[in-house]
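Here is what each chain is made of, one letter per residue.
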Amino acid sequence: MSTVTATAPAQAAEPPSRSLKALGAVNFFLADVRDGLGPFLGIFLVGQGWSTATIGLVMTIGGIAGMLATTPLGALADASKAKRFMVGFCAALVIVASLAILFLPNFAFVTASQIATGIAGAAIGPAIAGLTLGLVGQDGLAHQLGRNEAWNHGGNVFAAAGAGFFGYEFGLPAVFILMTVMAAGSIAAILMINPKDVDHDVARGLEHKTGGDREAPSGFSVLWKSTPLLILAATLMLFHFGNGAMLPLLGQQVATRAESGTTSNGGTTTASPGASGQGTIPSQQAGSDTNGATAIAPGQSTAGRPAAEPVRQHSTLDRLLTDPVSYTAATVIIAQLTMIPIALLAAGFARRRGYFLLLVLALVALPVRGLIAGLWPSHFALIPVQMLDGVGAGLLGVAVPGLVARMLRGTGHVNAGLGAVMTVQGVGASLSPAIAGVIVSRYGFSVAYLVLAGFAICGLVLWIVSSPKVAKACRGE
């Protein structure tokens, strides 16, 4: 068994605090950059007259582009010592691509933007994972992954709150400006990481042997010969098949209601039903008395319904929850606030008990989330729905990179393996919006949520059945 000697770099035992603080800042600022406009894209395009099916199509195209690029870019992160440049360049690329949508919101430019965003996001993930592993090594990885995720989710809360406030006050273009500011912050933070603090051999999963020699990288065949890695990838594909479209659908549902004037209870904001079933009476025709009461049209009053009713005043909360931008910001904030403590707790749990149960809990959260969204057609459903999203994402953010690093330890292809897993899970994530968009068009939002939950249940079953084959990699330290 190989051992670490005094010839190993000092930072393996004592990670440089300045570079680790900078890494935290990178994760904070990248929160609003890595996925481009994310759920706000659907809202913006609905406002431009796009259908949910077309929105799902362009999101799928971007997802496929990222999916195809992830494994090669993961291999590049393994081989390259310019991981900082990869992150900074991709952050700038996401901004350019997103601004193109603001000024040219046609199908060709939106599609090209989503392709660029998908490729950039595919490069950022393995590069950040490599930097983290290169700074702290295998022994400190679970703890640092928890810190990375906490910083990332904190950045998402900040960005979503800013997007919700400025988007509500000034419109969606303010979201684009906020993203540009966050991208500039991520570039400044990545430059603060000292490149000398990163051990690029450790960053790719190689270890120092007795005498200071390096292990030779394995062949790339290790990626498809590792049964635990294949099981993990298939499980995550099913998970993201259910998860990929759920948050965008929540925003699109509110945007669609806003465009049609439909409330969360199925009524309309411009009409009230007649008591005798003779159709609806526009509020303008109904009129109002001098005391602020709405007058009922002649013949519509009954013993239980007087000729004048008080006007229902909408609260600030009602207005916020019916505004698509504010609603989407709320979904993000609730989820991200949940993810921060979950990620920190998951890191400690992984070190003591391993990763298996973390993945089980993440997989269970999504079906419950889909059932609530599908069976409770209310704006307030976003609270439990997005808290469960926070639980699932917070656990996966720690478990997936940690598991891949365990499964491919000593191979020299940790980041390529992470890229391969992201590629396979990207199949589910990229197809999810397109399929969900078609289901919404034909059967409505509730059926779409329930179908998405079904895919997650399949992933849960696969992971539990395969537990003997992944047990070794899932053990605690």
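Rules and cut-offs
- Every chain is numbered on its own, with residues counted from 1 as its sequence reads.
- The model is predicted, so local features are restricted to residues of pLDDT at least 70 and side-chain atom pairs to those at 80 or more, both for listing and for counting; the totals for chains, interfaces and linings are taken over all residues.
- Side-chain numbers come from the whole structure's heavy atoms, not from hydrogens or water.
- Think of it this way: any DSSP run of H or I at least four residues long counts as a helix, any run of E at least two long counts as a strand, and we number them from the N terminus.
- When checking whether two residues touch, look at their non-hydrogen atoms; a contact exists if any pair is within 4.5 Å.
- Axis geometry follows a simple rule: fit a line to the C-alpha atoms, using only the stretch in contact for helices, then measure angles between N-to-C directions, giving values from 0 to 180 degrees.
- Roughly parallel here means an angle under 35 degrees, roughly antiparallel means over 145, roughly perpendicular means 65 to 115, and every remaining angle is called oblique.
- Crossing handedness is defined as follows: a turn of the near helix away from the far one that is anticlockwise and smaller than a right angle gives a left-handed crossing, while the clockwise case is right-handed.
- Residue type decides the class: Asp, Glu, Lys and Arg count as charged, Ala, Val, Leu, Ile, Met, Phe, Trp, Tyr, Cys and Pro as nonpolar, and the leftover types, Gly among them, as polar.
- Each Phe, Tyr or Trp ring (for Trp, its six-membered ring) is paired with any other whose centre lies within 6.5 Å, and the angle between the two planes then decides the class: stacked below 30 degrees, edge-to-face above 60, tilted in between.
- Exposure categories follow from relative accessible area, calculated using a 1.4 Å probe and restricted to protein chains: below 20% of the type maximum is buried, above 50% is exposed, and the middle band is partly exposed.
- A carboxyl oxygen of Asp or Glu within 4 Å of a side-chain nitrogen of Lys or Arg is what we treat as a salt bridge.
- Predictor confidence is given residue by residue as pLDDT, running from a minimum of 0 to a maximum of 100.
- By this rule, a helix spans an expected 1.5 Å times one less than how many residues it contains.
- Side-chain atoms within 4.5 Å link the members of a nonpolar core, which is a set of buried Ala, Val, Leu, Ile, Met, Phe, Trp, Tyr and Cys residues.
- Here the bounds of each domain stem from an automatic or database domain assignment.
- The reported arc concerns the directions from the helix axis to the C-beta atoms and nothing else.

**Q** How do you make sense of the overall build of the chain when you look at a structure like this?
**A** Helices and strands together make up the secondary structure of the chain, namely 19 helices and four strands. A separation threshold of at least 6 residues defines the contact pool for the chain, and within that pool the share at least 24 residues apart is 81%.

**Q** Looking at this structure, how should I read the packing of helix α1 (residues 17-30) against helix α6 (residues 141-170)?
**A** Angle between the axes and distance between the axes are the two parameters that describe a pair of packed helices. As a packed pair, α1 and α6 sit with axes 7 Å apart at the nearest point and diverge in direction by 40 degrees. What the angle tells us is that α1 and α6 run oblique. Seen along the crossing, α1 lies across α6 with a hand that is right-handed. Contacts between α1 and α6 pair Leu 20, Leu 23, Gly 24, Asn 27 and Phe 28 from the former with Gln 144, Asn 148, Trp 151, Asn 152, Gly 154, Gly 155 and Phe 158 from the latter. Grouping the amino acids of the contact of α1 with α6 by side-chain chemistry returns five nonpolar, seven polar and no charged.

**Q** How should I be thinking about the environment of Ile 439 in this particular structure?
**A** Structurally, Ile 439 is set in helix α17 (residues 414-443). Taking the C-alpha atoms as reference points, Ile 439 and Ala 53, 386 residues apart in sequence, are found 8.8 Å from one another. Discounting chain neighbours no more than four positions away, the residues touching Ile 439 are Gly 444, Val 447, Ala 448 and Val 451.

**Q** What exactly am I supposed to notice about the environment of Ala 77 here?
**A** Looking at the secondary structure, you find Ala 77 in helix α3 (residues 52-79). In contact with Ala 77, other than residues within four places in its own chain, are Lys 83, Met 86, Pro 126, Ala 127 and Asn 415.

**Q** Quick question: what am I supposed to make of the packing of aromatic side chains here?
**A** Both the distance between ring centres and the angle between the ring planes are used here to describe each pair of aromatic rings. Here the structure, examined in full by the defined rule, presents nine aromatic pairs. Taken together, a centroid distance of 6.3 Å and an interplanar angle of 80 degrees make the contact between Phe 28 and Trp 151 edge-to-face. With Phe 28 in helix α1 and Trp 151 in helix α6, this pair connects stretches of sequence that are 123 residues apart. Taking the relative accessible area as the measure of exposure, Phe 28 reaches 18% and is therefore buried. Ring centres of Phe 165 and Phe 166 lie 5.1 Å apart, and the angle between their planes is 80 degrees; this geometry places the pair in the edge-to-face category. Taken together, the ring pairs in this structure connect Phe 28, Phe 29, Trp 151 and Phe 158 into an aromatic cluster.

**Q** Explanation requested: the pattern of salt bridges in the structure shown.
**A** Opposite charge on two side chains makes pairing possible when the charged atoms of those side chains draw close. Per the counting criterion, the structure on display carries one salt bridge. Between Asp 389 and Arg 369 there is a salt bridge whose closest N-O contact spans 3.4 Å. In this pair, Asp 389 is assigned in helix α16 (residues 382-407) and Arg 369 in helix α15 (residues 356-375), connecting sequence segments 20 residues apart. What makes Asp 389 buried here is its relative accessible area of 12%.

**Q** Help me out: how do you make sense of the confidence of the model for the chain in this one?
**A** Any segment with low pLDDT has predicted coordinates that should not be analysed in fine detail. Per-residue pLDDT for the chain averages 77, and the proportion of residues at 70 or more is 76%. Throughout residues 1-13 the model reports pLDDT below 50, and contacts reaching past four residues in sequence, or to other chains, amount to 23 contacts. Segment residues 263-314: pLDDT under 50, and 62 contacts once partners within four positions in sequence are set aside and those in other chains are kept.

**Q** For this particular structure, what's the right way to read α6?
**A** Given 3.6 residues per turn, any residue in an α-helix points the same way as the ones three and four places further on. Taking 1.5 Å of rise per residue, the 30 residues of α6 would be expected to cover 44 Å, and the 42 Å separating its terminal C-alpha atoms lies within 8% of that figure. At the exit of α6 stands Gly 171, carrying a positive phi of roughly 95 degrees.

**Q** Just to check I follow, could you spell out the nonpolar core for this structure?
**A** Ranked by internal contacts, the top residues of the largest apolar core, which has 63 residues, are Leu 232, Leu 249, Leu 358, Leu 403, Val 404, Val 421 and Trp 463. Among the elements that take part in this core, α16 stands out by supplying ten residues, more than any other. The two domains that each donate at least three residues to this core are domain 1 (15-204) and domain 2 (220-259 + 319-476). Setting aside its immediate chain neighbours within four residues, Val 421 contacts Leu 229, Leu 232, Ala 233, Leu 236, Val 400 and Val 404. Judged by nonpolar contacts, the second largest core, of 32 residues, contains Ala 22, Ala 77, Ala 127 and Ala 159.

**Q** Explain the side chain of Ser 113 here, please?
**A** Tracing the chain through its elements places Ser 113 in helix α5 (residues 107-136). A residue is classified by how much of its surface remains accessible, and Ser 113, at 3% relative accessible area, is buried. When sequence neighbours within four positions are dropped, the list of residues in contact with Ser 113 reads Ala 97, Ser 98 and Ile 101.

**Q** What am I meant to see in helix α18 (residues 445-465) here?
**A** Its 21 residues place the ends of α18 31 Å apart at the C-alpha level, agreeing with the 30 Å of an ideal helix rising 1.5 Å per residue. Within the sequence span of α18, burial applies to Phe 445, Ala 448, Tyr 449, Leu 452, Ala 453, Ala 456, Gly 459, Leu 460 and Trp 463. With its buried residues spanning 135 degrees around the axis, α18 presents them on a single face.

**Q** How do you make sense of the environment of Gly 56 when you look at a structure like this?
**A** Here Gly 56 shows up in helix α3. With sequence-adjacent residues up to four places away left out, Gly 56 is seen in contact with Pro 433 and Ala 434.

**Q** I would appreciate a short explanation of the side chain of Thr 423 in the present structure.
**A** For Thr 423, the position within the fold is in helix α17. Ignoring any residue separated from it by four or fewer positions in sequence, one finds Thr 423 in contact with Met 67, Thr 70 and Thr 71.

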